[in-house]
Amino acid sequence: MSQPRRTSRLRATALLGAGTLITAAALAGLAPGTASASSHREAPGILGEPQYDNTDLYAFNSPDKANSVTIIANWNGFEEPAGGPNFFPWATDAHYDVNIDNNGDAKPDIIYRWTFTNSRSPKASDSFSGNGTFLTNNGQVTSLTDPNLLARQTYDLTRINVNHPEKTYTVLDNARPAPSFAGDVSMPDYRTLRNQALVGLPNGGKAFAGQAEDPFFLDLRVFDLLYGDQGTCNKEIGHDTLAGYNVNTVALQVPRADLTRQGSDIVGIWSTTERQSSKDKYVQISRLGQPLVNEAIIPYSVKDTFNSIPPSKDAAALPFVQKPELAALLKNVCGVNAPTDNRDDLVTVFLKGIPGINQPTGVTPSEELRLNTKPFAGQTSSRLGVIGGDNNGFPNGRRLTDDVVDIALQVVGGEIAGNPNDLGDGVDANDAAFGTHFPYLALPLSGSVEKSSPAAESGRTLLTGGGDEPPSGGGFPAQDLGLVAVGLLALVAGGAAARRARTSATRATAKA
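For every chain, the first residue of the written sequence is number 1, and numbering continues from 1 along that sequence. With the structure being a predicted model, the display of local features is reserved for residues of pLDDT at least 70 and the display and counting of side-chain atom pairs for 80 or more, all residues being used for whole-chain, interface and lining totals. Working from all heavy atoms in the structure, the side-chain values ignore hydrogens and water.

1. What to know about the overall build of the chain
Summing up its helical and strand segments, the chain has ten helices and twelve strands in all. Any residue under 20% of the maximum accessible area for its type is buried, any over 50% is exposed, and the rest in between are partly exposed; the area is computed with a 1.4 Å probe on protein chains only. Within the chain, the proportion of its 512 residues that are buried is 50%. In the chain, 65% of the contacts between residues at least 6 apart in sequence involve partners at least 24 apart. Numbering goes from the N terminus for both helices and strands, where a helix is a DSSP run of H or I of at least four residues and a strand is a run of E of at least two. The contact criterion used is simple: two residues touch if any of their non-hydrogen atoms lie within 4.5 Å.

Pasting the structure below:
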(Lines give C-alpha, C1' and ligand atoms only; values in the text may rest on other atoms or scores of the structure.)
Protein backbone atom coordinates (compact mmCIF):
# COMPACT_ATOMS: atom_id res chain seq x y z
CA MET A 1 0.00 0.00 0.00
CA SER A 2 1.46 3.33 -0.97
CA GLN A 3 1.89 5.91 1.73
CA PRO A 4 0.24 9.34 1.30
CA ARG A 5 2.45 12.38 1.31
CA ARG A 6 1.92 14.67 4.30
CA THR A 7 0.44 18.11 3.88
CA SER A 8 1.94 21.11 5.62
CA ARG A 9 -0.85 20.88 8.19
CA LEU A 10 0.09 17.31 9.04
CA ARG A 11 3.77 18.22 9.26
CA ALA A 12 2.89 21.03 11.63
CA THR A 13 0.93 18.60 13.80
CA ALA A 14 3.88 16.22 13.79
CA LEU A 15 6.14 19.02 15.00
CA LEU A 16 3.65 19.83 17.73
CA GLY A 17 3.67 16.15 18.75
CA ALA A 18 7.47 16.16 18.81
CA GLY A 19 7.50 19.21 21.05
CA THR A 20 5.02 17.57 23.39
CA LEU A 21 7.25 14.50 23.53
CA ILE A 22 10.26 16.55 24.47
CA THR A 23 8.47 18.45 27.22
CA ALA A 24 6.44 15.52 28.54
CA ALA A 25 8.37 12.39 27.63
CA ALA A 26 6.77 10.38 30.42
CA LEU A 27 3.36 10.45 28.74
CA ALA A 28 2.21 7.17 27.23
CA GLY A 29 1.30 8.72 23.86
CA LEU A 30 1.70 11.94 21.93
CA ALA A 31 -0.95 14.63 22.13
CA PRO A 32 -3.18 14.43 19.03
CA GLY A 33 -3.77 17.16 16.49
CA THR A 34 -5.85 20.18 17.28
CA ALA A 35 -8.86 19.30 15.13
CA SER A 36 -12.04 17.33 15.79
CA ALA A 37 -13.55 14.44 13.86
CA SER A 38 -16.30 11.85 14.27
CA SER A 39 -15.36 11.69 17.91
CA HIS A 40 -11.74 12.79 17.85
CA ARG A 41 -11.28 15.28 20.71
CA GLU A 42 -15.01 15.99 20.85
CA ALA A 43 -15.30 17.16 24.47
CA PRO A 44 -13.08 19.35 26.69
CA GLY A 45 -12.64 16.70 29.38
CA ILE A 46 -11.13 14.12 27.02
CA LEU A 47 -8.79 16.44 25.10
CA GLY A 48 -5.70 15.57 27.10
CA GLU A 49 -6.42 11.85 27.41
CA PRO A 50 -6.37 10.43 23.87
CA GLN A 51 -5.79 6.85 25.08
CA TYR A 52 -9.32 6.87 26.51
CA ASP A 53 -11.02 8.78 23.69
CA ASN A 54 -13.45 6.83 21.50
CA THR A 55 -13.04 8.04 17.93
CA ASP A 56 -15.35 5.98 15.70
CA LEU A 57 -17.71 3.01 15.86
CA TYR A 58 -18.69 0.76 12.95
CA ALA A 59 -21.20 -2.10 12.88
CA PHE A 60 -22.30 -3.96 9.75
CA ASN A 61 -23.31 -7.34 8.44
CA SER A 62 -20.08 -9.08 7.46
CA PRO A 63 -19.81 -9.07 3.64
CA ASP A 64 -17.65 -12.23 3.54
CA LYS A 65 -19.37 -14.28 6.24
CA ALA A 66 -23.13 -14.84 6.20
CA ASN A 67 -25.15 -14.49 9.41
CA SER A 68 -22.35 -12.67 11.21
CA VAL A 69 -21.87 -9.12 12.37
CA THR A 70 -18.63 -7.13 12.47
CA ILE A 71 -18.08 -4.42 15.08
CA ILE A 72 -15.08 -2.09 14.91
CA ALA A 73 -14.33 0.45 17.63
CA ASN A 74 -11.45 2.92 17.50
CA TRP A 75 -9.60 4.98 20.10
CA ASN A 76 -6.74 7.49 20.26
CA GLY A 77 -7.24 9.57 17.14
CA PHE A 78 -4.60 11.54 15.24
CA GLU A 79 -1.78 9.06 15.82
CA GLU A 80 1.15 10.46 13.89
CA PRO A 81 2.90 7.39 12.39
CA ALA A 82 6.36 8.69 13.30
CA GLY A 83 5.27 9.56 16.85
CA GLY A 84 7.93 7.57 18.70
CA PRO A 85 9.66 6.59 20.77
CA ASN A 86 6.62 5.94 22.99
CA PHE A 87 4.17 5.42 20.14
CA PHE A 88 0.62 4.47 21.15
CA PRO A 89 0.04 1.74 23.74
CA TRP A 90 -3.42 1.02 25.15
CA ALA A 91 -4.19 2.30 28.65
CA THR A 92 -3.91 -0.42 31.29
CA ASP A 93 -6.30 1.22 33.77
CA ALA A 94 -9.30 1.24 31.44
CA HIS A 95 -12.23 -0.84 30.31
CA TYR A 96 -12.65 -0.55 26.54
CA ASP A 97 -16.28 -1.61 26.07
CA VAL A 98 -18.70 -2.29 23.25
CA ASN A 99 -22.28 -2.28 24.55
CA ILE A 100 -25.20 -4.12 22.95
CA ASP A 101 -28.86 -3.21 23.52
CA ASN A 102 -31.00 -5.94 21.96
CA ASN A 103 -34.47 -4.94 23.21
CA GLY A 104 -34.53 -1.18 22.52
CA ASP A 105 -34.70 -0.04 26.16
CA ALA A 106 -31.48 2.04 25.98
CA LYS A 107 -29.70 -0.26 28.46
CA PRO A 108 -26.87 -2.69 27.72
CA ASP A 109 -27.77 -6.37 27.65
CA ILE A 110 -24.34 -7.60 26.49
CA ILE A 111 -20.95 -5.94 26.97
CA TYR A 112 -17.76 -6.98 25.20
CA ARG A 113 -14.86 -5.72 27.31
CA TRP A 114 -11.19 -5.39 26.38
CA THR A 115 -8.62 -4.86 29.16
CA PHE A 116 -4.93 -4.45 28.41
CA THR A 117 -1.83 -5.34 30.42
CA ASN A 118 1.82 -4.47 29.94
CA SER A 119 3.90 -7.62 29.66
CA ARG A 120 7.61 -8.27 30.06
CA SER A 121 9.88 -8.86 27.09
CA PRO A 122 12.79 -11.27 27.60
CA LYS A 123 15.07 -8.32 26.87
CA ALA A 124 13.29 -5.82 29.09
CA SER A 125 14.30 -4.84 32.59
CA ASP A 126 10.77 -3.80 33.56
CA SER A 127 7.21 -4.06 32.32
CA PHE A 128 7.19 -1.57 29.47
CA SER A 129 10.65 -0.22 28.73
CA GLY A 130 13.73 -1.64 27.12
CA ASN A 131 16.85 -2.76 28.91
CA GLY A 132 18.53 0.63 29.08
CA THR A 133 17.23 1.82 25.69
CA PHE A 134 14.82 4.60 24.80
CA LEU A 135 13.47 2.49 21.93
CA THR A 136 10.42 0.23 22.01
CA ASN A 137 12.36 -2.40 20.09
CA ASN A 138 16.09 -3.08 19.84
CA GLY A 139 16.13 -5.00 16.58
CA GLN A 140 13.83 -6.00 13.75
CA VAL A 141 10.48 -7.36 14.92
CA THR A 142 9.24 -10.26 12.81
CA SER A 143 6.62 -11.77 15.14
CA LEU A 144 4.47 -10.80 18.11
CA THR A 145 6.72 -12.93 20.34
CA ASP A 146 9.98 -11.55 18.96
CA PRO A 147 12.29 -10.73 21.92
CA ASN A 148 13.33 -7.59 20.06
CA LEU A 149 9.86 -6.18 20.76
CA LEU A 150 10.46 -4.64 24.17
CA ALA A 151 7.22 -2.68 24.59
CA ARG A 152 4.49 -5.26 24.35
CA GLN A 153 1.00 -5.74 25.70
CA THR A 154 -1.60 -8.49 26.07
CA TYR A 155 -5.36 -8.24 26.47
CA ASP A 156 -8.32 -10.13 27.85
CA LEU A 157 -11.70 -10.08 26.10
CA THR A 158 -14.75 -10.75 28.26
CA ARG A 159 -18.38 -11.21 27.21
CA ILE A 160 -20.57 -9.83 29.99
CA ASN A 161 -24.21 -10.88 30.19
CA VAL A 162 -25.69 -7.98 32.13
CA ASN A 163 -29.00 -9.65 32.96
CA HIS A 164 -27.54 -13.08 33.68
CA PRO A 165 -24.10 -12.57 35.28
CA GLU A 166 -23.64 -16.32 35.66
CA LYS A 167 -23.41 -16.51 31.86
CA THR A 168 -20.50 -14.06 31.70
CA TYR A 169 -17.30 -15.67 30.39
CA THR A 170 -13.78 -14.92 29.18
CA VAL A 171 -13.58 -15.04 25.39
CA LEU A 172 -9.81 -14.50 25.14
CA ASP A 173 -7.10 -14.62 27.80
CA ASN A 174 -3.68 -13.01 27.29
CA ALA A 175 -4.21 -12.44 23.57
CA ARG A 176 -1.60 -10.36 21.76
CA PRO A 177 -2.49 -7.11 19.96
CA ALA A 178 -0.52 -5.92 16.97
CA PRO A 179 1.97 -3.26 18.15
CA SER A 180 2.23 0.29 16.89
CA PHE A 181 3.97 0.35 13.51
CA ALA A 182 7.39 1.71 14.47
CA GLY A 183 8.49 1.88 10.82
CA ASP A 184 9.77 -0.16 7.91
CA VAL A 185 13.20 -0.75 9.41
CA SER A 186 11.90 -2.00 12.74
CA MET A 187 8.96 -3.96 11.27
CA PRO A 188 9.72 -4.82 7.64
CA ASP A 189 6.61 -7.03 7.26
CA TYR A 190 3.85 -5.47 9.32
CA ARG A 191 1.13 -7.45 7.55
CA THR A 192 2.54 -10.61 9.13
CA LEU A 193 2.28 -8.99 12.57
CA ARG A 194 -1.34 -8.06 11.91
CA ASN A 195 -2.17 -11.56 10.69
CA GLN A 196 -0.68 -13.00 13.88
CA ALA A 197 -2.97 -10.71 15.89
CA LEU A 198 -6.09 -12.17 14.23
CA VAL A 199 -7.61 -14.65 16.66
CA GLY A 200 -10.25 -17.27 15.92
CA LEU A 201 -13.06 -17.67 18.47
CA PRO A 202 -14.81 -20.88 19.59
CA ASN A 203 -18.11 -19.71 18.08
CA GLY A 204 -16.55 -19.37 14.65
CA GLY A 205 -16.00 -15.65 15.03
CA LYS A 206 -12.79 -13.63 14.99
CA ALA A 207 -11.16 -10.90 17.08
CA PHE A 208 -8.43 -8.35 16.48
CA ALA A 209 -6.74 -5.59 18.46
CA GLY A 210 -3.97 -3.32 17.27
CA GLN A 211 -3.16 -0.28 15.20
CA ALA A 212 -4.81 0.59 11.88
CA GLU A 213 -5.01 3.43 9.42
CA ASP A 214 -7.80 5.77 10.51
CA PRO A 215 -10.77 4.70 8.34
CA PHE A 216 -12.79 7.88 8.86
CA PHE A 217 -12.67 10.29 5.92
CA LEU A 218 -13.80 13.91 5.87
CA ASP A 219 -12.73 17.50 5.42
CA LEU A 220 -12.42 18.78 8.99
CA ARG A 221 -12.46 22.39 7.92
CA VAL A 222 -16.23 22.15 8.17
CA PHE A 223 -15.64 23.22 11.79
CA ASP A 224 -14.09 26.46 10.52
CA LEU A 225 -17.61 27.96 10.68
CA LEU A 226 -18.64 25.89 7.64
CA TYR A 227 -15.89 27.57 5.56
CA GLY A 228 -17.02 31.12 6.02
CA ASP A 229 -19.92 32.48 3.97
CA GLN A 230 -22.27 31.66 1.11
CA GLY A 231 -19.58 32.56 -1.38
CA THR A 232 -17.12 29.98 -0.09
CA CYS A 233 -19.41 27.41 1.56
CA ASN A 234 -19.09 24.91 -1.24
CA LYS A 235 -15.72 25.79 -2.75
CA GLU A 236 -12.98 25.06 -0.22
CA ILE A 237 -13.73 21.37 0.21
CA GLY A 238 -12.30 18.00 -0.71
CA HIS A 239 -9.26 17.60 1.56
CA ASP A 240 -9.22 14.44 3.69
CA THR A 241 -7.83 15.88 6.91
CA LEU A 242 -7.39 12.44 8.49
CA ALA A 243 -5.22 11.12 5.68
CA GLY A 244 -1.89 10.14 7.17
CA TYR A 245 -3.05 9.27 10.69
CA ASN A 246 -3.55 5.98 12.53
CA VAL A 247 -5.83 4.83 15.37
CA ASN A 248 -5.93 2.03 17.92
CA THR A 249 -8.69 -0.39 17.06
CA VAL A 250 -10.53 -3.44 18.34
CA ALA A 251 -12.59 -5.54 15.96
CA LEU A 252 -14.97 -8.40 16.56
CA GLN A 253 -16.83 -10.68 14.18
CA VAL A 254 -19.48 -12.86 15.81
CA PRO A 255 -22.62 -14.78 14.78
CA ARG A 256 -25.56 -12.42 14.83
CA ALA A 257 -27.30 -14.82 17.23
CA ASP A 258 -24.68 -13.81 19.84
CA LEU A 259 -26.07 -10.26 19.77
CA THR A 260 -29.80 -10.51 19.14
CA ARG A 261 -32.70 -11.69 21.26
CA GLN A 262 -35.51 -13.94 20.14
CA GLY A 263 -38.07 -12.08 18.08
CA SER A 264 -35.88 -9.14 17.04
CA ASP A 265 -33.03 -8.76 14.55
CA ILE A 266 -32.25 -5.16 15.55
CA VAL A 267 -29.53 -4.19 18.03
CA GLY A 268 -28.29 -0.86 19.33
CA ILE A 269 -24.53 -0.50 19.80
CA TRP A 270 -22.27 2.06 21.47
CA SER A 271 -18.69 2.04 22.74
CA THR A 272 -17.50 3.46 26.06
CA THR A 273 -14.31 3.92 28.01
CA GLU A 274 -14.25 3.49 31.77
CA ARG A 275 -11.18 4.69 33.61
CA GLN A 276 -10.13 3.29 36.96
CA SER A 277 -10.67 5.84 39.72
CA SER A 278 -9.92 3.60 42.70
CA LYS A 279 -8.97 -0.02 43.31
CA ASP A 280 -12.32 -1.49 42.30
CA LYS A 281 -14.19 1.45 40.78
CA TYR A 282 -14.29 2.52 37.15
CA VAL A 283 -15.89 5.73 35.83
CA GLN A 284 -17.16 6.25 32.28
CA ILE A 285 -15.35 9.17 30.63
CA SER A 286 -15.99 8.64 26.91
CA ARG A 287 -18.86 7.36 24.81
CA LEU A 288 -19.74 6.96 21.14
CA GLY A 289 -22.66 5.57 19.16
CA GLN A 290 -23.77 7.60 16.15
CA PRO A 291 -20.94 9.61 14.56
CA LEU A 292 -20.84 13.40 14.89
CA VAL A 293 -23.53 13.65 17.59
CA ASN A 294 -21.35 14.97 20.42
CA GLU A 295 -19.40 17.16 17.99
CA ALA A 296 -22.20 18.79 16.02
CA ILE A 297 -25.33 18.40 18.15
CA ILE A 298 -24.40 18.56 21.85
CA PRO A 299 -23.50 22.07 23.14
CA TYR A 300 -20.01 22.65 24.53
CA SER A 301 -21.18 23.09 28.11
CA VAL A 302 -22.66 19.58 28.35
CA LYS A 303 -20.29 17.57 26.15
CA ASP A 304 -18.47 16.06 29.14
CA THR A 305 -21.79 15.20 30.76
CA PHE A 306 -22.93 13.47 27.58
CA ASN A 307 -19.72 11.44 27.57
CA SER A 308 -20.41 10.25 31.12
CA ILE A 309 -24.06 9.18 30.93
CA PRO A 310 -25.69 6.03 29.53
CA PRO A 311 -28.14 6.18 26.61
CA SER A 312 -31.02 5.66 29.06
CA LYS A 313 -30.54 9.29 30.14
CA ASP A 314 -30.49 10.75 26.63
CA ALA A 315 -33.97 12.31 26.92
CA ALA A 316 -32.17 15.40 28.16
CA ALA A 317 -30.56 15.74 24.72
CA LEU A 318 -33.86 15.79 22.81
CA PRO A 319 -34.07 19.63 22.60
CA PHE A 320 -30.63 19.77 20.92
CA VAL A 321 -31.75 17.26 18.28
CA GLN A 322 -35.13 18.86 17.68
CA LYS A 323 -33.57 22.31 17.30
CA PRO A 324 -30.03 21.65 16.07
CA GLU A 325 -27.46 24.41 15.90
CA LEU A 326 -25.98 22.84 12.75
CA ALA A 327 -29.22 23.38 10.83
CA ALA A 328 -29.20 27.07 11.76
CA LEU A 329 -25.57 27.38 10.65
CA LEU A 330 -26.31 25.70 7.33
CA LYS A 331 -29.15 28.15 6.81
CA ASN A 332 -27.43 31.32 8.01
CA VAL A 333 -23.91 30.70 6.71
CA CYS A 334 -24.49 28.63 3.59
CA GLY A 335 -27.97 29.74 2.58
CA VAL A 336 -29.43 26.22 2.76
CA ASN A 337 -33.16 26.15 3.44
CA ALA A 338 -32.72 23.77 6.36
CA PRO A 339 -35.60 23.39 8.85
CA THR A 340 -34.35 24.73 12.18
CA ASP A 341 -37.04 23.64 14.64
CA ASN A 342 -39.35 20.72 15.44
CA ARG A 343 -36.95 18.26 13.83
CA ASP A 344 -38.77 15.04 14.59
CA ASP A 345 -37.14 13.61 11.46
CA LEU A 346 -33.75 13.85 13.21
CA VAL A 347 -35.15 12.23 16.34
CA THR A 348 -36.25 9.30 14.16
CA VAL A 349 -32.95 8.97 12.29
CA PHE A 350 -30.53 9.50 15.16
CA LEU A 351 -32.41 8.47 18.32
CA LYS A 352 -35.04 5.89 17.36
CA GLY A 353 -34.09 4.23 14.11
CA ILE A 354 -36.00 4.29 10.83
CA PRO A 355 -39.33 2.40 10.86
CA GLY A 356 -39.16 -0.76 8.77
CA ILE A 357 -35.37 -0.62 8.63
CA ASN A 358 -33.70 -0.42 12.05
CA GLN A 359 -36.24 0.80 14.61
CA PRO A 360 -36.95 -1.79 17.34
CA THR A 361 -40.44 -2.24 18.73
CA GLY A 362 -41.12 0.03 21.73
CA VAL A 363 -37.80 1.84 21.33
CA THR A 364 -36.63 4.29 23.98
CA PRO A 365 -35.15 7.32 22.16
CA SER A 366 -31.41 7.18 22.76
CA GLU A 367 -28.17 7.78 20.94
CA GLU A 368 -27.07 4.36 19.70
CA LEU A 369 -25.79 3.00 16.39
CA ARG A 370 -28.72 0.75 15.41
CA LEU A 371 -28.21 -2.19 13.07
CA ASN A 372 -30.65 -4.61 11.53
CA THR A 373 -28.62 -7.82 11.60
CA LYS A 374 -30.73 -9.31 8.81
CA PRO A 375 -29.40 -7.78 5.56
CA PHE A 376 -31.83 -6.32 3.03
CA ALA A 377 -31.78 -8.11 -0.31
CA GLY A 378 -31.63 -6.46 -3.72
CA GLN A 379 -29.74 -3.34 -2.62
CA THR A 380 -27.38 -1.38 -4.84
CA SER A 381 -24.44 -0.26 -2.74
CA SER A 382 -24.31 3.49 -2.15
CA ARG A 383 -21.89 5.55 -0.06
CA LEU A 384 -24.96 7.56 1.00
CA GLY A 385 -26.57 4.55 2.65
CA VAL A 386 -30.31 4.76 3.25
CA ILE A 387 -30.81 8.19 1.63
CA GLY A 388 -28.93 6.82 -1.38
CA GLY A 389 -31.41 3.93 -1.68
CA ASP A 390 -29.18 1.38 0.08
CA ASN A 391 -30.93 0.14 3.22
CA ASN A 392 -27.83 -1.77 4.34
CA GLY A 393 -25.89 1.45 4.94
CA PHE A 394 -25.78 4.25 7.49
CA PRO A 395 -27.79 5.05 9.55
CA ASN A 396 -28.63 1.33 9.50
CA GLY A 397 -25.35 0.47 11.18
CA ARG A 398 -22.23 1.98 9.70
CA ARG A 399 -19.95 0.45 7.10
CA LEU A 400 -16.36 1.58 6.59
CA THR A 401 -17.27 3.01 3.18
CA ASP A 402 -20.36 4.95 4.30
CA ASP A 403 -19.90 8.69 3.77
CA VAL A 404 -21.40 9.68 7.11
CA VAL A 405 -20.46 13.37 6.81
CA ASP A 406 -22.36 13.84 3.54
CA ILE A 407 -25.27 11.77 4.89
CA ALA A 408 -25.46 13.74 8.14
CA LEU A 409 -25.14 17.11 6.40
CA GLN A 410 -27.89 16.27 3.92
CA VAL A 411 -30.22 14.89 6.59
CA VAL A 412 -29.69 17.88 8.90
CA GLY A 413 -30.10 20.09 5.83
CA GLY A 414 -33.61 18.64 5.42
CA GLU A 415 -33.15 15.80 2.91
CA ILE A 416 -36.01 13.78 4.39
CA ALA A 417 -37.97 16.79 5.69
CA GLY A 418 -38.94 18.43 2.41
CA ASN A 419 -35.66 20.09 1.46
CA PRO A 420 -33.62 17.87 -0.91
CA ASN A 421 -30.00 19.00 -1.10
CA ASP A 422 -26.54 17.93 -2.18
CA LEU A 423 -24.54 19.05 0.82
CA GLY A 424 -21.17 17.40 1.24
CA ASP A 425 -17.53 17.94 2.14
CA GLY A 426 -16.10 16.72 -1.17
CA VAL A 427 -14.38 13.69 0.41
CA ASP A 428 -16.29 10.66 -0.82
CA ALA A 429 -13.95 7.80 0.08
CA ASN A 430 -11.04 6.90 2.33
CA ASP A 431 -7.54 7.62 1.08
CA ALA A 432 -6.48 4.01 1.76
CA ALA A 433 -8.32 1.01 0.33
CA PHE A 434 -10.17 -1.29 2.72
CA GLY A 435 -9.73 -5.05 2.69
CA THR A 436 -12.31 -7.62 1.66
CA HIS A 437 -11.82 -9.84 4.72
CA PHE A 438 -11.89 -9.28 8.47
CA PRO A 439 -10.80 -6.92 9.96
CA TYR A 440 -11.20 -5.01 6.64
CA LEU A 441 -9.18 -2.00 7.87
CA ALA A 442 -6.15 -0.71 5.98
CA LEU A 443 -2.76 -1.39 7.52
CA PRO A 444 -1.41 1.43 9.70
CA LEU A 445 0.73 4.03 8.03
CA SER A 446 4.47 3.85 8.57
CA GLY A 447 6.54 6.68 9.97
CA SER A 448 9.10 5.76 7.30
CA VAL A 449 7.10 7.54 4.59
CA GLU A 450 9.28 9.84 2.50
CA LYS A 451 8.61 13.52 2.92
CA SER A 452 9.63 16.34 0.68
CA SER A 453 12.07 18.66 2.40
CA PRO A 454 15.25 20.60 1.52
CA ALA A 455 17.30 18.13 3.58
CA ALA A 456 15.90 15.15 1.70
CA GLU A 457 16.37 16.85 -1.66
CA SER A 458 20.02 17.54 -0.87
CA GLY A 459 20.68 13.83 -0.22
CA ARG A 460 21.75 14.32 3.39
CA THR A 461 21.57 11.29 5.68
CA LEU A 462 21.54 10.66 9.39
CA LEU A 463 25.34 10.46 9.26
CA THR A 464 25.78 13.71 7.37
CA GLY A 465 22.75 15.69 8.50
CA GLY A 466 24.54 17.58 11.27
CA GLY A 467 27.55 18.74 9.26
CA ASP A 468 26.55 22.37 8.67
CA GLU A 469 28.63 25.12 10.27
CA PRO A 470 27.00 26.66 13.36
CA PRO A 471 25.59 30.14 12.89
CA SER A 472 27.88 33.07 13.58
CA GLY A 473 28.40 33.50 17.30
CA GLY A 474 26.75 30.16 18.08
CA GLY A 475 28.14 26.86 19.25
CA PHE A 476 31.62 26.21 20.68
CA PRO A 477 34.84 27.20 18.90
CA ALA A 478 36.75 24.10 17.83
CA GLN A 479 39.54 24.71 20.37
CA ASP A 480 37.00 24.88 23.19
CA LEU A 481 35.47 21.50 22.37
CA GLY A 482 38.59 19.76 23.60
CA LEU A 483 38.39 21.66 26.88
CA VAL A 484 34.72 20.75 27.24
CA ALA A 485 35.52 17.10 26.62
CA VAL A 486 38.32 17.17 29.19
CA GLY A 487 35.99 18.85 31.65
CA LEU A 488 33.33 16.23 31.12
CA LEU A 489 35.85 13.43 31.58
CA ALA A 490 37.10 15.07 34.77
CA LEU A 491 33.54 15.43 36.03
CA VAL A 492 32.78 11.77 35.32
CA ALA A 493 36.07 10.65 36.90
CA GLY A 494 35.46 12.85 39.91
CA GLY A 495 31.95 11.43 40.33
CA ALA A 496 33.28 7.90 40.11
CA ALA A 497 36.01 8.66 42.68
CA ALA A 498 33.45 10.18 45.01
CA ARG A 499 31.24 7.13 44.71
CA ARG A 500 34.20 4.84 45.47
CA ALA A 501 35.09 6.95 48.49
CA ARG A 502 31.51 6.80 49.80
CA THR A 503 31.39 3.04 49.27
CA SER A 504 34.72 2.56 51.14
CA ALA A 505 33.52 4.73 54.02
CA THR A 506 30.26 2.80 54.23
CA ARG A 507 32.07 -0.52 54.33
CA ALA A 508 34.48 0.74 57.00
CA THR A 509 31.56 1.92 59.12
CA ALA A 510 29.86 -1.43 58.71
CA LYS A 511 32.98 -3.32 59.85
CA ALA A 512 33.41 -1.03 62.84
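And the narrative resumes.
2. Digging into the pattern of salt bridges
What counts as a salt bridge is simple: a side-chain nitrogen of Lys or Arg found within 4 Å of a carboxyl oxygen of Asp or Glu. Scanning the entire structure with this criterion turns up 14 salt bridges. Residues Arg399 and Asp390 are paired through a salt bridge, measuring 2.8 Å at the closest nitrogen-oxygen approach. Of the residues examined, Asp390 reaches a relative accessible area of 1% and is grouped as buried. Via salt bridges that share partners, Arg383, Asp403, Asp406 and Asp428 belong to a single interconnected network.

3. A closer look at helix 8 (residues 404-412)
Each full turn of the α-helix corresponds to 3.6 residues, which orients residues three or four apart in the same direction. Helix 8 sits mainly inside the fold: nine of its nine residues count as buried. Within helix 8, burial applies to Val404, Val405, Asp406, Ile407, Ala408, Leu409, Gln410, Val411 and Val412. Where helix 8 is buried, its residues contact helix 6 (325-334) and helix 7 (344-352).

4. Quick word on unusual backbone geometry
Along the chain, Gly84 connects to Pro85 via a cis peptide bond; the corresponding omega equals 5 degrees. For the bond running from Phe394 to Pro395, omega is 10 degrees, close enough to zero to count as cis. Relative to the assigned elements, Pro395 resides in the loop between strand 12 (369-372) and helix 8. Even without glycine at this site, Ala106 takes up a positive phi of about 70 degrees. Tracing the backbone through its elements, the reader meets Ala106 in the loop between strand 3 (94-101) and strand 4 (110-119).

5. Comments concerning the nonpolar core
The biggest cluster of nonpolar side chains holds 90 residues, and the ones touching the most others in it are Ile71, Ile100, Tyr112, Trp114, Tyr155, Leu157 and Leu172. With seven residues, helix 8 is the largest single contributor of residues to this core. The residues contacting Trp114, other than those within four sequence positions of it, are Ala94, His95, Tyr96, Val98, Tyr155, Asp156, Leu157, Val250 and Leu252. Residue types Ala, Val, Leu, Ile, Met, Phe, Trp, Tyr and Cys, when buried and joined through side-chain atoms within 4.5 Å, form a set referred to as a nonpolar core.

6. Observations regarding the sheet that holds strand 8 (residues 206-213)
Pairing between two strands is assigned when DSSP locates at least 2 bridges connecting them. In spatial order, the strands read 1-2-9-8-7; together these five strands make up an open sheet with antiparallel pairing. The sheet is open, and its two edges are formed by strand 1 (54-61) and strand 7 (199-200), each paired on a single side. Sheet topology note: the strand 7/strand 8 ladder contains two bridges and is antiparallel. Paired with Val199 across the two strands is Ala207, which belongs to strand 8. In this fold helix 2 (residues 190-197) packs onto strand 7 and strand 8, with an angle of close to 150 degrees to the strand it touches most, strand 8. Comment: axis = line fitted to C-alpha atoms, over the contacting stretch for helices; angle = value between 0 and 180 degrees taken between N-to-C directions.

7. Let's talk about the side chain of Asn61
Residue position: Asn61 is located in strand 1. With sequence-adjacent residues up to four places away left out, Asn61 is seen in contact with Ser68, Val69, Leu371, Asn372, Thr373, Lys374 and Pro375.

8. Quick word on the packing of aromatic side chains
Only the six-membered ring of Trp is used, alongside the rings of Phe and Tyr, when aromatic pairs are assigned; centres must lie within 6.5 Å, and planes under 30 degrees apart are stacked while those over 60 apart are edge-to-face, with the rest tilted. For the structure shown, the criterion picks out ten aromatic pairs. Summarising the aromatic geometry, the rings of Phe438 and Tyr440 are spaced 6.3 Å apart at their centres and angled 85 degrees between planes, so their arrangement reads as edge-to-face. Accessibility assignment for this pair places Phe438 and Tyr440 in one class, buried. A network of ring pairs unites the aromatic residues Trp75, Trp90, Tyr96, Phe116 and Tyr155 as a single cluster. The criterion is that NZ of a Lys, or CZ of an Arg, lies within 6 Å of the ring centre and within 35 degrees of the ring normal, and then a charge sits over that ring. It is Arg194 that lies over the ring of Phe208; its NZ or CZ is 5.3 Å from the centre.

9. Notes on helix 2
Every buried residue of helix 2 is accounted for by Tyr190, Leu193, Arg194 and Ala197. Taken around the axis of helix 2, the buried residues stretch over an arc of 100 degrees, which confines them to a single face. Taken together, the buried residues of helix 2 touch strand 7 and strand 8. Directions from the helix axis toward the C-beta atoms define the arc.

10. Section: the environment of Gln153
You can see Gln153 is positioned in strand 5 (residues 152-161). Considering only alpha carbons, one finds Gln153 and Arg176, 23 residues apart in sequence, at a separation of 6.6 Å. From its side chain, Gln153 meets the backbone oxygen of Trp90 in a polar contact 2.9 Å long. For Gln153, the side chain forms a polar contact with the side chain of Asn118, separated by 2.9 Å. Under the rule applied, a polar contact is a pair of N or O atoms within 3.5 Å (in protein, one hydrogen donor and one hydrogen acceptor; residues adjacent in sequence only if both atoms are side-chain atoms).

11. Brief notes about the side chain of Arg159
Considering the arrangement of structural elements, one finds Arg159 in strand 5. In this structure Arg159 is buried but unpaired, with Asp258 as the nearest side chain of opposite charge at 4.9 Å. Within the structure, the side chain of Arg159 is placed 3.3 Å from the side chain of Tyr112, a separation counted as a polar contact. Polar contacts involving the side chain of Arg159 include one to the main-chain carbonyl oxygen of Asp258, which spans 2.7 Å. His is not counted, nor are the chain ends; Lys and Arg add positive charge and Asp and Glu add negative charge.

12. Let's talk about the confidence of the model for the chain
Values of pLDDT, ranging from 0 to 100, describe the predictor's confidence in every residue of the model. The predicted model of the chain has a mean per-residue pLDDT of 80, with 73% of residues at 70 or higher. Below a pLDDT of 50 lies the segment residues 1-38, which in the model reaches 80 contacts outside its immediate sequence neighbourhood of four places, other chains included. Confidence drops under pLDDT 50 across residues 506-512; counting only partners more than four residues distant or on other chains, this segment forms zero contacts.

13. Some points on the pairing of strand 5
The element strand 5 is extensively covered by neighbouring structure, given that nine of its ten residues are classed as buried. Note that strand 4 and strand 5 share ten bridges and pair antiparallel. Of the residues in strand 5, the one forming a bridge with Arg113 is Thr158. Inspection of the sheet shows strand 5 paired to strand 6 (residues 169-175) by four bridges, in the antiparallel sense. When the bridges of strand 6 are listed, Leu157 appears paired with Leu172.

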